[in-house]
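Structural features, examined
Each chain, letter by letter, is given below.
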Amino acid sequence: QTTNLPWGLDRIDSRNGRSGAYNYLYTGEGVNIYVLDSGVRVTHEQFGYLNGSDGSRAQSGYDFIDKDFSADDCTGHGTHVAGMAAGRDVGVAKDSRVYSVRVLDCYGSGSTQAVVAGIDLPQTNH
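Report on the accompanying structure. (Residues numbered from 1 in each chain as written. Predicted model: local features only at pLDDT ≥ 70, side-chain atom pairs only at ≥ 80, totals over all residues. Heavy atoms only, no water.)

What about the overall build of the protein chain?
Counting its regular elements, the protein chain contains 3 helices and 5 strands. Seen in sequence order, the protein chain has helices and strands lined up from the N terminus as β-α-β-β-β-α-β-α. Compactness check: the protein chain gives a C-alpha radius of gyration of 15 Å against a globular reference of 14 Å for 126 residues, within 12% of the reference. Taking the principal axes of its C-alpha atoms as reference, the protein chain extends roughly 45 × 30 × 25 Å. (Helix = DSSP H or I, 4+ residues; strand = E, 2+ residues; numbered from the N terminus. Rg over C-alpha atoms; globule rule 2.2 N^0.38 Å.)

Structural data, given as structure tokens:
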């Protein structure tokens, strides 16, 4: 159970409004989450393992803006989104793996081609 959390996480497990807590049965272990956004700061402490193991559950998938394998976040938005999905303290799937797929530039713009390629990435690589 998680308490003192954002309203969205509080609301996700309740049919009748907010309860003040997020109760979950599963941690997301074995789940891969692909975040298509401005990138993800894969070194963020929220992507550490629940059991305290060293390393990060997050890694770069591909950067369709710079056309390389370093999909670092330049705006913070993608890291925020990844944190809501898989953050250790206030994420939905706290033990899932996160793959950063950068399809937006540092101004929040991206091409349809980059977004479609980003959507195809999990299917072709995993």
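Considerations on the packing of aromatic side chains
One pass over the structure, following the stated rule, counts 4 aromatic pairs. For the ring pair Tyr62 and Phe64, a centre distance of 4.7 Å and an interplane angle of 65° mean the geometry is edge-to-face. Look at Tyr62 and Phe69: their rings are 4.9 Å apart centre to centre, the planes differ by 75°, and that puts the pair in the edge-to-face class. Exposure remark for Tyr62: the relative accessible area of 16% places this residue in the buried category. For Phe69, a relative accessible area of 63% puts it in the exposed group. (Phe/Tyr/Trp six-rings, centres within 6.5 Å; stacked < 30°, edge-to-face > 60°. Buried < 20%, exposed > 50% of the residue type's maximum accessible area, 1.4 Å probe, protein only.)

Description of the layout of surface pockets
Taken as a whole, the largest pocket holds about 230 Å³ of empty space. Taken together, 15 residues form the lining of the largest pocket, with Pro6, His80, Gly83, Met84 and Val90 sitting closest to its centre. Contributing elements (two or more residues each) for the lining of the largest pocket: helix 1 (7-12) and helix 2 (77-86). Here the lining of the largest pocket is built from residues that sort into 8 nonpolar, 7 polar and no charged. (1 Å grid on protein atoms, 1.4 Å probe; cavity = no way out; pocket = protein on both sides within 12 Å on 5 of 7 lines; lining within 4 Å. Points joined across faces, edges and corners; volume = space filled by probe spheres on them. Nonpolar A, V, L, I, M, F, W, Y, C, P; charged D, E, K, R; others polar.)

Description of the sheet that holds strand 4 (residues 58-63)
What the 3 strands build is an open sheet, ordered 3-5-4; its pairing is parallel. The sheet is open, and its two borders are formed by strand 3 (32-37) and strand 4, each paired with just one other strand. Along the sheet, successive strands turn relative to each other by an average axial angle of 25°, direction set aside. For strand 3 and strand 5 (residues 97-102), the ladder comprises 6 bridges, and the chain directions are parallel. What sits directly across from Leu36, in strand 5, is Val101. Relative to the sheet, helix 2 contacts strand 3 and strand 5, its axis offset from that of strand 3 by approximately 155°. Across the face of the sheet, helix 3 (residues 112-125) comes into contact with strand 3, strand 4 and strand 5 while running at roughly 170° to strand 3. (Pairing = 2+ DSSP bridges. Axes fitted to C-alpha atoms, helices over the stretch in contact; angles between N-to-C directions. Contact = heavy atoms within 4.5 Å.)

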